[in-house]
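Close look at the chain arrangement
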Amino acid sequence: MQVMERYGYYMLGLMLTVMILPLVGGILLQFIKFENRKFKQLYIFGYVFINTLLVYILLSNGTTENIRLINFAGEKLNLSLKIDGMSMVFAGLVATLWPISVLYSFPYMEHENIGTIHENIFYLFYTTTFGVTLGIAMSGNILTMYCFYELLTLVTVPLVMSTLTREAVLASRKYFYYSLGGAAFAFIGMIFLIMYGDSIEFIYGGVLNLSAIGSSKNLLLLIYVLAFMGFGVKAAICPFNSWLPQAGVAPTPVTALLHAVAVVKAGAFAIMRITYYSFGCDFVRGTWAQYLLMAIIIFTIVYGCSMAVKETHIKRRLAYSTISNLSYILFGVIIMTPLGLVGALSHMIFHGVMKITSFFCAGAMITQAHANYVHELDGMAKKMPKIFKIFTISALALMGVPGLCGFVSKWNLAKAAVESGNLMAYIGIGGLLVSALLTAIYMLTIVVRAYFPEKSFNYDSISDHVKDPDWRMLLPLTLLVIAMFVMGVYSTPFVEFFTKVASGLI
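All of the points below concern the structure found in this document. As a convention, each chain's residues are numbered from 1 in the sequence order in which they are written. With pLDDT at 70 or above as the cut-off, local features in this predicted model cover only qualifying residues; side-chain atom pairs require 80 or more to be listed or tallied, and sums for whole chains, interfaces and linings still use all residues. Working from all heavy atoms in the structure, the side-chain values ignore hydrogens and water.

Details of the overall build of the protein chain
If you tally the helices and strands in the protein chain, you get 20 helices and two strands. The size measure is the radius of gyration over C-alpha atoms, and the globule rule it meets is 2.2 Å times the number of residues to the 0.38 power. Computed over the C-alpha atoms, the radius of gyration of the protein chain is 22 Å, within 12% of the 23 Å expected from 2.2 N^0.38 for a compact globule of 506 residues. Reported as C-alpha extents along the three principal axes, the dimensions of the protein chain are approximately 75 × 55 × 45 Å. Taken across its 506 residues, the protein chain has 60% of its residues classed as buried. For the protein chain, restricting intrachain contacts to residue pairs at least 6 apart in sequence, the fraction spanning at least 24 positions comes to 80%. As displayed, the protein chain offers around 19,200 Å² of accessible surface, 67% of which is attributable to carbon and sulfur atoms. Under the scheme used here, helices are H or I runs from DSSP no shorter than 4 residues and strands are E runs no shorter than 2 residues, and both carry numbers assigned from the N terminus. Partly exposed describes any residue whose relative accessible area lies between the buried limit of under 20% and the exposed limit of over 50%, with all areas from a 1.4 Å probe on protein chains only and scaled to the type maximum. Note on contacts: a residue pair qualifies if any of its non-hydrogen atoms lie within 4.5 Å across the two residues. Calculation of accessible area relied on Shrake-Rupley with a 1.4 Å probe; when residues are assessed, cover is drawn exclusively from the protein chains displayed.

Printed below as a string of structure tokens:
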């Protein structure tokens, strides 16, 4: 018993450490005077990398029971933390991509040249977001997750408005208002779970007390739809997605994490939690709520790709792509089968790698060539060959080309849809096929224009200063490309782990 208690305290201490260390490191950054920028960058990367190692140690110790921190009222309302299979997936993604993003951010922020004080404040919020996102991943119940979810909004608003331009301020306001509105709907869902659930903990299969619900099933289904759409605001589900393209005014290291890891994936993760661990699939499957949400998700998949095709601004084009791909994840969730959750988890991880690569390439194009629009990339592959090779691979992965990780997740989603026997899921397969075609159009347009400009194009019009970035940008991109190949060719261990999570075994 004492050994178990000591183990619980050890795990709790480690969980609290990985959440607080990025905040403490960011606060100390405001007071430490560094002799030069390299020492400061080494310090920032150091505490972020140490935090990632601590997360790996934490996850390697396996799962935990719920560990309570604070009791608010009786036994039911409390803040608690735990590690389960879902926590491992999301926390592992966050911990892996954050130090890579920080390393990439150094040359980018040098290019921004925003001043020491402003840059230090930027890194305070940039690294604090790391800890808050881990808090969402390791939440033991919906109340704890909701608190961290709200905190995520507060620490990311300053990042969206970090350039302090009029566009950035307006974008941050819109993001804030949308997030608050979504949180209000999510709060309603949480209240009803407290009222009608046997517990607020995350328990595979759900926690609703069916005898207490009685004739109120349709009301609870409506609440589930509201909670789904509320958390879906951060996952950029239609019609609450317009904040995401506008948030592209933030520096690329921010938008890369917003679109690939922290904010949007937190929304998708929260929806997985309430669907499989709170309301329960058995309660929602086959009801009008499932069909309504599936229709909205399929529409979002096609809408996002369609908007990406017509968008000429590079980062906004990738933002619309994110809107579409996030609904791939939600499509897997709403199928409400273990295989559907496998597809959702696969795409959550694999899309994170693919999309952060695309955004990092776009950031390199902006810093090196000052190119913000697709037509400005004509012939640029000759000057930036490494960046455009990497971007081409990420484009092929997003399209779902076999041998790359995007194919694996899309295959799992399509397989889950076929085996579900759900008519709307079959329609969703058509949406996935349309999306794949449109993805090929909006991604390969950039590639083709960069490699094969019009015959009349004059390469002398490209500045001699345009070239591939230094190793601090290229190393993260190289690692991400390797990951895309490894997860595409050797996906079995990942899928097997996701299957155990989706079956409630971890």
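Quick word on the environment of Phe283
Inspection of the secondary structure puts Phe283 in helix α12 (residues 281-284). Remark: the alpha-carbon pair of Phe283 and Gly131, spanning 152 residues in sequence, is separated by 33 Å. When residues no more than four places from it in sequence are discounted, the contact partners of Phe283 are Leu208, Leu210, Ile213, Lys217, Leu220 and Leu221.

Examining the packing of aromatic side chains
In summary, the pairing rule links any two rings of Phe, Tyr or Trp, Trp by its six-membered ring, whose centres are within 6.5 Å, and it sorts them by plane angle into stacked for under 30 degrees, edge-to-face for over 60 and tilted for everything else. Within this structure, the stated rule accounts for 25 aromatic pairs. With 4.8 Å between their ring centres and 25° between their planes, Phe90 and Phe269 make a pair best called stacked. Taken as a pair, Phe90 in helix α3 (residues 85-112) and Phe269 in helix α11 (residues 263-279) lie far apart in primary sequence, 179 residues in all. Residues Phe90 and Phe269 agree in their burial class; the two are buried. Taking 5.0 Å as the distance between ring centres and 85° as the angle between the ring planes, the aromatic pair formed by Tyr149 and Phe231 counts as edge-to-face. Here Phe231 lies in helix α8 (residues 217-232) and Tyr149 lies in helix α5 (residues 142-160), a separation of 82 residues in the sequence. The pair Tyr149 / Phe231 is uniform in exposure class, with both members buried. The criterion for a charge sitting over a ring is simple: Lys NZ or Arg CZ within 6 Å of the ring centre, and within 35 degrees of the ring normal. The residue whose ring lies beneath Lys217 is Phe283, and the NZ or CZ to ring-centre distance is 5.5 Å.

Topic: the pairing of strand β2 (residues 77-81)
Counting buried positions along β2 gives four out of five residues, so the element sits mostly inside the fold. Of the strand pairs in this sheet, strand β1 (residues 67-73) and β2 are connected by five bridges, and their pairing is antiparallel. For Arg68, the partnering residue across the bridge sits in β2 and is Ser80. A strand pair is defined by DSSP finding two or more bridges across the two strands.

Some remarks on the pattern of salt bridges
Opposite charge on two side chains lets them pair, provided their charged atoms get close. Salt bridges are defined as contacts in which a side-chain nitrogen from Lys or Arg sits within 4 Å of a carboxyl oxygen from Asp or Glu. One pass over the structure, following the stated rule, counts nine salt bridges. Note that Asp282 and Arg285 form a salt bridge whose closest N and O atoms lie 3.0 Å from each other. Each of Arg37, Lys40 and Glu119 takes part in one network of salt bridges that share partners.

Some words on unusual backbone geometry
Of note, the amide linkage connecting Cys238 to Pro239 takes the cis form, showing an omega dihedral of 5°. By the secondary structure assignment, Pro239 is in the loop between α8 and α9 (243-246). Backbone geometry places Leu164, a non-glycine residue, at a positive phi of 60°. Checked against the element boundaries, Leu164 lands in the loop between α5 and α6 (166-196). Accessibility expressed as a relative area gives 57% for Leu164, which makes it exposed. The phi dihedral of Met336 is positive, around 60°, even though this residue is not glycine. Here Met336 lies in the loop between α14 (314-335) and α15 (338-369).

Considering the packing of α6 against α8
Orientation of α6 relative to α8, taken along the N-to-C sense of each, is 140°, at an axis distance of 7 Å. With respect to α8, the axis of α6 lies oblique. Crossing handedness for the pair α6 and α8: left-handed. Here Gly182, Phe185, Ala186, Ile188, Gly189, Phe192 and Tyr196 of α6 lie close against α8, whose contacting residues are Leu219, Leu220, Ile223, Leu226, Ala227, Gly230 and Phe231. Working convention: axes come from line fits to C-alpha atoms, limited for helices to the stretch in contact. Angles between N-to-C directions cover 0 to 180 degrees. For classification purposes, an angle smaller than 35 degrees is called roughly parallel, one larger than 145 roughly antiparallel, one from 65 to 115 roughly perpendicular, and anything else oblique. For a crossing to be left-handed, the near helix must be turned anticlockwise from the far one by less than a right angle; the clockwise case is right-handed.

As for the nonpolar core
Among buried residues, the Ala, Val, Leu, Ile, Met, Phe, Trp, Tyr and Cys ones that are joined through side-chain atoms within 4.5 Å form a nonpolar core. Core analysis: the biggest nonpolar cluster contains 191 residues, and Phe228 and Phe331 have the highest contact counts within it. Here this core gets 18 residues from one element, more than from any other, and that element is α15. Setting aside residues no more than four positions away along its own chain, Phe228 makes contact with Ile237, Ile271, Ile274, Thr275, Leu293, Ile297, Leu330 and Ile334.

Digging into α15
To estimate how far a helix should extend, the number of its residues minus one is multiplied by 1.5 Å. The terminal C-alpha atoms of α15 lie 46 Å apart, and with 32 residues this matches the ideal 46 Å at 1.5 Å per residue to within 8%. Counting buried residues along α15, 29 of its 32 residues qualify, which places the element largely inside the surrounding structure. The first or second residue beyond α15 is His370, which carries a positive phi of 55°.

A word on a nonpolar patch on the surface
Side chains of Leu16, Ile20, Val24, Leu28, Ile32, Leu69, Ile70 and Phe72 sit close together on the surface and give an oily, nonpolar patch of about 650 Å² of accessible area. The set of elements that each furnish at least two residues to the nonpolar patch consists of α1 (2-29) and β1. Here Leu69 lies in strand β1. Look at Leu69 and you get partly exposed, because its relative accessible area is 37%. Distance thresholds for patches are 9 Å for like charges and 5 Å for nonpolar side chains (Val, Leu, Ile, Met, Phe, Trp, Tyr), applied to residues having over 30% relative accessible area and no salt bridge.

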